[in-house]
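Chain and residue survey
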Amino acid sequence: MPASDSINSPVVEVRNLTKRFQGFTAVDNISFDIKKGEILGLLGPNGAGKTTTIHMLLGLITPTVGTIHMFGLDLATHRETILKQVNFSSTYISMPFSLTVEENLKVIARLYELKHIQQRIDDIVKKLEMEDIRHRLTRKLSSGQMSRLTLAKAIMTEPKVLFLDEPTASLDPDIVNKIKSFLKEYQRSEGLSILYTSHNMREMEEMSDRIIFLQRGKIVAEGTASEIIQRYAQRDLEEVFLKLAREQNGP
Amino acid sequence: MSLGRILALLSRHMYLYKRSFARLLEIFYWPFLDLVVWGFITIYLEKVGMSLHGALSFFLGALILWDVLFRAQQGIAVSFLEEMWARNLMNLFASPLTVGEYLVATMTMSVLKVTAVGGLMMLFAWVFYSYDILQMGFSLLPFVLNLVVSGWIIGVLTTSIIMRFGQQAEVLAWGMVFLFQPISCVFYPIEVLPPVLQSIAWMVPPAHIFEGMRAVLTTGSAPVTHLLWATGLNCGFLVIIVAWFYHTFSICKERGMLVRVGE
């Protein structure tokens with residue numbers, strides 16, 4: 001398939017998405033698409049609504065208003081079919097502590113009804129350089145190793161859409177670099193679509209094809225990193241972030 | 001409904017039990033202690049010449065059946081707590097796993113727990129007190145099955161409360177079933193209750209089951225009326241409680257509680 005065709009077809013379509021919690025609006029009428037093979041960066045200060053948006057996309061939180069379609073199907077009515085093709089990784093989740101890394105991956109593989117489970121585990125463990133910890137209890141993992149495990153469980157299921165909520169937080173720079181390279185390469189070869197959040201602006205610029213900037217639950221800027229930098233007349237994305245974050249939080 | 005996903009969830013708990021001494025202790029230690037204490041009480045009652053016909057059967061039989069109810073309830077509620085403690089609920093419910101599959105998996109887990117605990121208690125009772133609950137025959141089996149279903153009902157109720165109110169409600173996983181103990185008439189006949197409580201007890205399936213067990217002991221045959229009442233009430237309550245669980249799950253998703261339940 002030509003690159004232009006694959007880029008043009010949206011696999012995720014979010015329309016007028018709103019989430020209110022008892023008088024507080026966490027996400028306020030946002031609409032966006034993620035195209036096939038695209039990495040969309042979701043940027044914003046703490047409390048901007050990034051994680052709530054991802055939770056709604058995973059069907060863990062019901063939107064107050066709005067629709068989410070993936071692969072042309074409505075998440076509200078085709079949850080099972082959609083979630084088979086979607087996965088996520090986040091620094092805010094964990095895996096059962098009393099199971100080893102390999103046992104946790106086996107359980108996830110069975111949950112997604114994968115075939116050739118052992119082969120897939122061998123592959124992902126090798127790709128993410130986890131051979132030395134595959135038989136280690138999850139409770140004994142460092143935070144960086146835990147991040148790699150949650151990334152492994154997400155990649156192993158060969159999703160078409162991947163939600164990554166600060167996937168490289170708490171990792172050392174060498175591993176961050178390897179993970180970014182791995183994700184980029186994997187995304188290119190598999191045509192994977194990714195929604196990516198991070199507080200590392202350089203990483204965001206490097207990883208994302210397009211960026212959405214959220215502030216108080218609303219989209220305040222959208223475009224490539226250079227377009228956003230130009231629009232706000234700042235030197236880099238970090239300065240844009242600081243400018244918008246200070247606007248949200250007040251002086 | 002996918003059998004593969006149900007087995008996936010079961011394998012997660014099997015890995016856990018295989019490795020956790022504390023959880024194995026929970027299965028073997030408390031039932032064993034219960035049996036020792038009640039066994040000695042029964043021997044004492046027989047020694048002082050209490051005119052209770054078949055005291056051993058009454059108490060030890062009741063105790064074994066009570067543990068069936070208790071473990072069936074725990075199998076469901078504690079399985080949910082395990083996910084909550086491990087902050088694993090997001091991994092489960094962001095996967096294709098459905099609520100129905102989750103419930104079936106935890107119900108199966110409770111059957112496995114009941115089988116392990118029940119089998120062990122029967123063995124202890126036989127070794128230490130020469131008491132064989134199987135002497136009651138197969139007429140007891142439908143009552144045991146009904147007790148398991150009653151345990152599921154209390155377990156699903158407990159889980160939905162924990163899901164709704166979070167960690168502050170987790171003590172209910174061990175305490176909820178005891179709320180039903182007085183009106184379940186485990187160790188005494190229903191007629192000892194005051195009339196008001198008797199009316200309530202007749203609406204509780206375990207009360208029919210324990211009355212039935214005593215009837216089996218004294219007459220040797222299964223009282224069909226108690227069995228039908230227990231089965232009918234269990235079926236009705238099971239439908240209501242599963243619908244209630246779906247409703248609570250939906251509320252938790254609306255209020256964003258599912259992603260915060262372990263916090």
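Please refer to the structure higher up on the page.
Residues numbered from 1 in each chain as written. Chains lettered and ligands numbered in written order. Predicted model: local features only at pLDDT ≥ 70, side-chain atom pairs only at ≥ 80, totals over all residues.

Thoughts on the overall build of chain A
Counting secondary structure elements, chain A contains 10 helices and 10 strands. What you see for chain A is a C-alpha radius of gyration of 18 Å, in line with the 18 Å of a compact globule of 251 residues. Summarising its shape, the C-alpha atoms of chain A cover approximately 50 × 45 × 40 Å along the three principal directions. Excluding contacts between residues fewer than 6 apart, the proportion of contacts in chain A whose partners are at least 24 apart in sequence is 69%. (Helix = DSSP H or I, 4+ residues; strand = E, 2+ residues; numbered from the N terminus. Rg over C-alpha atoms; globule rule 2.2 N^0.38 Å. Contact = placed C-beta atoms within 7 Å.)

Comments concerning the nonpolar core
Ranked by size, the top nonpolar core spans 142 residues in total, and within it A:A152 and B:L65 carry the most contacts. Not counting residues up to four positions away in its chain, the partners in contact with A:A152 are A:L105, A:I124, A:L128 and A:M130. (Core = buried A, V, L, I, M, F, W, Y, C linked by C-beta atoms within 7 Å. Buried ≥ 20, exposed ≤ 12 C-beta atoms within 10 Å, placed from the backbone.)

Description of the interface of chain B and chain A
On the side of chain A, 24 residues touch chain B, which itself brings 28 residues to the contact. Going through the elements one at a time, helix 1 (3–19), helix 4 (89–93) and helix 11 (224–254) of chain B are the ones with two or more residues in the side of chain B that touches chain A. The greatest single-element share of the side of chain B that touches chain A, amounting to 9 residues, is contributed by helix 1 of chain B. For the side of chain B that touches chain A, the residue count by class is 12 nonpolar, 9 polar and 7 charged. (Nonpolar A, V, L, I, M, F, W, Y, C, P; charged D, E, K, R; others polar.)

Side note on the pairing of strand 10 (residues 218–223) of chain A
Residues and elements named next belong to chain A. Where strand 9 (residues 210–215) lies against strand 10, 5 bridges are found, and the strand directions are antiparallel. Opposite I211, over in strand 10, you have G223 as the bridge partner. Following strand 9, the chain reverses through 2 residues before pairing antiparallel with strand 10; R216 in that reversal takes a positive phi of roughly 50°. (Pairing = 2+ DSSP bridges.)

Concerning unusual backbone geometry
Residue and element names in this part refer to chain A. The phi angle at N29 is positive, at roughly 55°, despite the residue not being glycine. The topology assignment puts N29 in strand 2 (residues 24–35). Positive phi, normally seen in glycine, also occurs at A233, with a value near 50°. With respect to the helices, strands and loops of the structure, A233 is situated in the loop between helix 9 (225–231) and helix 10 (237–249).

Just distances and angles here, no functional claims.
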